[in-house]
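# Descriptive structure summary
As a plain string of letters, each chain reads:
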Amino acid sequence: MKAIVLRGCLWAAAVLMFVHGAGVAAADQLVWRGDHATGRAIMDDLAKEYARQKLGTISLQPFSTLSGLDAVAQGSADFATSARGKYARRTEETGLDFTPVVLDGAVLITHPQNPVRSLTLKQIHDIYFGRITNWQDVGGPDKPINLYSIASPLDGVEYSLRALVYRNGNQPVAAPRLYINTAKLEEAITLDPAGLGLSTLANTRGNTKVRALAIEGVSASTQSVADGSYPLFITLYMVTRADSPHHDAVGRFAAFLQTPAAKAILRKHDLIPYADAGDVVARDQARMALIDERIGRETVAASAAAPADSQPMSAPRAVLAAKVATAPAADSTEAARANLARAEAAKAQQQAEPPAAKPAPRDKAAAKPKPRSSGGK
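### Topic: the packing of helix H2 (residues 36-52) against helix H10 (residues 260-268)
Taken N-terminus to C-terminus, the directions of H2 and H10 make an angle of 155°; their axes are 10 Å apart at the nearest point. When the axis of H2 is compared with that of H10, the two are roughly antiparallel. When the axes of H2 and H10 are compared, the crossing they make is right-handed. Contacts from Ile42, Asp45, Leu46 and Glu49 in H2 reach Ala261, Ala262, Ile265, Leu266 and Lys268 in H10.

### With respect to the layout of surface pockets
The volume enclosed by the second largest pocket comes to roughly 180 Å³. In terms of lining, the second largest pocket is formed by 16 residues, of which the most central are Ile150, Ser152, Pro153, Leu154 and Arg162. Mapped by element, the contributors of at least two residues to the lining of the second largest pocket are strand S6 (146-150) and helix H5 (156-166). At three residues, the largest contribution of residues to the lining of the second largest pocket is made by H5. When grouped by side-chain class, the residues that make up the lining of the second largest pocket number eight nonpolar, five polar and three charged.

### Focus: the pattern of salt bridges
Enumeration according to the criterion identifies 19 salt bridges in this entry. A salt bridge links lysine 122 to aspartate 126, with the nearest nitrogen and oxygen atoms 3.6 Å apart. Placement of both lysine 122 and aspartate 126 in helix H4 (residues 121-129) is noted, with a separation of four residues, approximately one turn of the helix. Using a relative accessible area of 32% as the deciding quantity, one classes lysine 122 as partly exposed. On the accessibility criterion, aspartate 126 (11% relative accessible area) is buried.

### Quick notes on the environment of valine 165
Relative to the helices and strands, valine 165 resides in helix H5. It is 7.4 Å that separates the C-alpha atoms of valine 165 and leucine 121, two residues lying 44 residues apart in sequence. If we skip the residues at most four places from it in the chain, valine 165 touches Ile124, His125, Ile295 and Arg297.

### Examining helix H9 (residues 247-256)
Every α-helix carries 3.6 residues per turn, so stepping three or four residues along brings you back to the same face. Among all positions of H9, only Ala249, Val250, Phe253 and Phe256 are buried. Along H9, the residues classed as buried sweep out an arc of 110° about the axis, all on the same side.

### Comments concerning the packing of aromatic side chains
According to the stated counting rule, one finds eight aromatic pairs in the structure shown. Cation over ring: arginine 84 sits above tyrosine 159, and NZ or CZ is 5.5 Å from the ring centre. Its guanidinium or amino end placed over the ring of phenylalanine 233, arginine 287 lies 3.8 Å from that ring's centre, counting from NZ or CZ.

Each value, and the rule that gives it
- Residues numbered from 1 in each chain as written.
- Predicted model: local features only at pLDDT ≥ 70, side-chain atom pairs only at ≥ 80, totals over all residues.
- Heavy atoms only, no water.
- Axes fitted to C-alpha atoms, helices over the stretch in contact; angles between N-to-C directions.
- Helix = DSSP H or I, 4+ residues; strand = E, 2+ residues; numbered from the N terminus.
- Parallel < 35°, antiparallel > 145°, perpendicular 65-115°, else oblique.
- Left-handed = near helix turned anticlockwise from the far one by under 90°.
- Contact = heavy atoms within 4.5 Å.
- 1 Å grid on protein atoms, 1.4 Å probe; cavity = no way out; pocket = protein on both sides within 12 Å on 5 of 7 lines; lining within 4 Å.
- Points joined across faces, edges and corners; volume = space filled by probe spheres on them.
- Nonpolar A, V, L, I, M, F, W, Y, C, P; charged D, E, K, R; others polar.
- Salt bridge = Lys/Arg side-chain N within 4 Å of Asp/Glu carboxyl O.
- Buried < 20%, exposed > 50% of the residue type's maximum accessible area, 1.4 Å probe, protein only.
- Arc of directions from axis to C-beta.
- Phe/Tyr/Trp six-rings, centres within 6.5 Å; stacked < 30°, edge-to-face > 60°.
- Lys NZ or Arg CZ within 6 Å of the ring centre and 35° of its normal.

Take a look at the structure:
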């Protein structure tokens, strides 16, 4: 009798465990869709750790940035990741929420045999515009630059680079060699000593078959991205929909991203958790001023493009901040410091001077000539 009761209790406990486990699994079976670069760089490891901790399962569907955003909008995916912010002109993105998750570096990659080690921002601007077409114009061999790009419109990394270099993420560029994703683009670069393309710091980590070029002499690293001295840092967003039927489960995954285990995975892939990145807005203003100056645009444009809720920074101050971050001892930094001092002195003098007195209005009656008398002398 005791054996029967014991078996009954064990069976009941097993049923409860099954029902409870099924409930958790059903609640936390999520679908992610996004670009190949993000899937390869971080989502694989994050999904494995999420499952290892028995927090849920994540089905990965890597393809492209737009496919991920549209899948979330249509409800066929629970969340996506994007290396660019919301594109206001696309109605499909109107109802999506973009939450910053990490900082990464956009990196220009070439073949390891290419002797070029660094490009300037102006050179990048002119290469993508089709004004520089030969490696010898940037210190390399006399070979045409074979520029590779992603075919998918509004690709996250490509959009972010063009937004930095042209202040227009949708800027057309002179890149005739188009690939469906970053993985295929990198494969092409490994076979072409004259190739040049775009990837990310996280995505090229440990890949000895391509070499990331320094920008303005600064190499991309977790340190240079974190302190803003590498000018092409970008933000990776988690994209969700507020009315998603799996909203609570997506929220639990978002909370998981803030845990030490998840942050360790992000850092292992050379990513900086956004919550630990400090004042990104201030660094963004400084680097945009630097890019504007190096390319030749008016630095005042940086203030106009700054977020409305950010602290505005004058153009001379922003330029100095960028130069201090990248080349604190350079002559150009001292020149920027002197320029800021002159600007502030002029502003102080202007504020100290009393307003100029307005001239007294003329008496129209007094100014009017008297009519000459018709008689007498």
